[in-house]
Every structure is written in structure tokens, then in C-alpha cells.
Amino acid sequence: MDDALVTRWLLAFFGACVLGPALGALVGRWAGFSVGVAIGTLVIGLTGLTGAGVAVWEGWKNSADSMAVPGRLIEFEDDRPVVEFTSPDGATHRITGLGGSQPRAGPGDEVPVRLPQGDAARARIDDLQNASGLAIALGLFGLLPTLFGVFFTAQAVSERRGEVPPRPPTPAQRRRRTQLTVIANVVFLGGFAVSFLGEDLTRSLGAGFMIVGGGGLLHFIAQSLPPAAMPFHTRFIFVVVGVGFAAFGLVARLLGG
């Protein structure tokens, strides 16, 4: 990943972390708490998601204009892999990857390298962490504030319109909701159990957190069966929890190999 791109978007994201709450506090003074929090979290979240999108686009362009060459792991420096490769002109180069990448490789092992056409200085280790680390980080830390922003936006709309009492369900509707809620609870608890199974803790946590996330989303569906049991912004909490767990689980699973 281009160092300039990483620096630019990390600065933009940290700037949004400062600007968002400040702007939200100003707006919240006259528009209300929910509106202020919604604006603050959306500024942070959408900045992160935009940066993730740009990182994915730039990564795709760089991959299309590059070639794969074999590299060899030389050593680890402060947990960062040092890889040596030979460019088409016969010159030997060394590059350093991100800390924690290539966890299962040892000195002497072959490591894939992505070499941009005619620019060995921009070569990188061709693994998920080095190729998509910025997109994953910005996407993950942009997703959760965006979800909170949606939650507080829905809450602000509900406050303006006023609460509408839910229509009582029929016995059949109540029975379907109860059945799906039980299934969601089983999935939710099963996810925590899976998190501690297996020899590879990272992979187990990844799988378990994704299952927990699925349980949270099932709870949202159960409470959304007509007639909805609660207002949308209250039900949306299950989406925040479900997507949050699933996203962290997916990242752990991918980085775990």
C-alpha cells in the first residue's frame, strides 16, 4: 500500500474523530442531543468508509498495473517480516511488511511479492494485511460509527414524530416471534461457545464472533416481524451489535489465515 495514501487517510480519519464530535456538539445545542450525536458519528464513520473505498480502488489499480514475483523471507525485525526478491532487471531488493503478517512463515520460506511495473520501491508483500490493511482498518472503524449514526438519526426522527404504540400481535404472530427469538438466543450463545473451541484462538474467535453477529441480526428480524415489537431505532441496536461482532469476526478470520 502506498505510504502517502496511508498517511493521508489516517490523518483524515483522525481529523474526523476531532471534527465530528465538535460539529455534533455545536449542532446538538440547538437541534437536540440525538441529532448532534448522529452528525458527529456520521462524520467519523463516513470518512472511514470513504477512505476504505479509496484504498480498495487504489489497491485494485496497483494490482492491475503490477506483476507477481517470488520473494524469500529473510528475517523478522520487531515482528515485521523482511523479504528479499529479485526484479526483472536482475537487481536484488528487500522490503519490510507490516507487523504480524506472515505469521506462519519462517526464514527461507517463499513469500509472494507484488511488484509495480518499473518501480521496485513500491513493491509490497502480496498478502491480505499488506495489500488491504488500510481498507480493513478504515472500513472496520468507519462501519461502527456509521451504524451508530443511523441509530441516532432514527431516534431523532422518532422523537420528532412521537412514539406510535405498537399494534398487539395475534397469538400466531407472537408464537413466530418467540420461536425465532429462541433460535436467535441459541445462535448467540453458540457463537460464544465456538469462540473458545479449536487450537487456533484467532480463527476460533473469528468464527465465534461471526456466529454471535448472526444471532444479533436474527434478533433484529424477530423483533421486526409484523407487527414490530418496538420502534425501529430500538430494534436497530441488534443490527449494531450483530454487524459489529460479524465484522470483527470476519477480520480476525481473514487475518488468522
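What you see is a predicted model, and the numbers here were worked out from it, not measured in a lab.

Moving on to the layout of surface pockets. Vacant regions in the atomic arrangement are exposed by a probe of water-molecule size rolled over the atoms. Within this model, the second largest pocket holds a volume of roughly 270 Å³. S158, G162, E163, P231 and F232 are the residues nearest the centre of the second largest pocket, which is lined by 15 residues in total. Looking at the lining of the second largest pocket, the elements with two or more residues in it are α3 (128-161) and α6 (232-256). The greatest single-element share of the lining of the second largest pocket, amounting to four residues, is contributed by α3. Across the lining of the second largest pocket, the residue classes break down as nine nonpolar, three polar and three charged.

Structurally, H219 is set in helix α5 (residues 201-224). The buried category is assigned to H219, whose relative accessible area is 9%. Not counting residues up to four positions away in its chain, the partners in contact with H219 are T181, A184, N185 and F238.

Now for the sheet that holds strand β5 (residues 124-125). The strand order β3-β2-β1-β4-β5 describes an open sheet built from five strands, whose pairing is antiparallel. The open sheet has two edge strands with one neighbour each: β3 (92-96) and β5. Note that strand β1 (residues 66-77) and strand β2 (residues 80-86) share six bridges and pair antiparallel. Counted as the bridge partner of L73 is V83 from β2.

All right, on to the pattern of salt bridges then. Inspection of every chain in the model, using the stated rule, returns five salt bridges. Across the pair E84 and R94 runs a salt bridge, and its minimum N-O distance is 3.3 Å. With E84 in strand β2 and R94 in strand β3, the pair connects residues that are 10 residues apart, well separated along the chain. Measuring nitrogen to oxygen at the nearest pair gives 3.6 Å for the salt bridge that ties D126 to R114.

The rules behind these values
Residues numbered from 1 in each chain as written. Predicted model: local features only at pLDDT ≥ 70, side-chain atom pairs only at ≥ 80, totals over all residues. Heavy atoms only, no water. 1 Å grid on protein atoms, 1.4 Å probe; cavity = no way out; pocket = protein on both sides within 12 Å on 5 of 7 lines; lining within 4 Å. Points joined across faces, edges and corners; volume = space filled by probe spheres on them. Helix = DSSP H or I, 4+ residues; strand = E, 2+ residues; numbered from the N terminus. Nonpolar A, V, L, I, M, F, W, Y, C, P; charged D, E, K, R; others polar. Buried < 20%, exposed > 50% of the residue type's maximum accessible area, 1.4 Å probe, protein only. Contact = heavy atoms within 4.5 Å. Pairing = 2+ DSSP bridges. Salt bridge = Lys/Arg side-chain N within 4 Å of Asp/Glu carboxyl O.

Geometry only, nothing functional implied.
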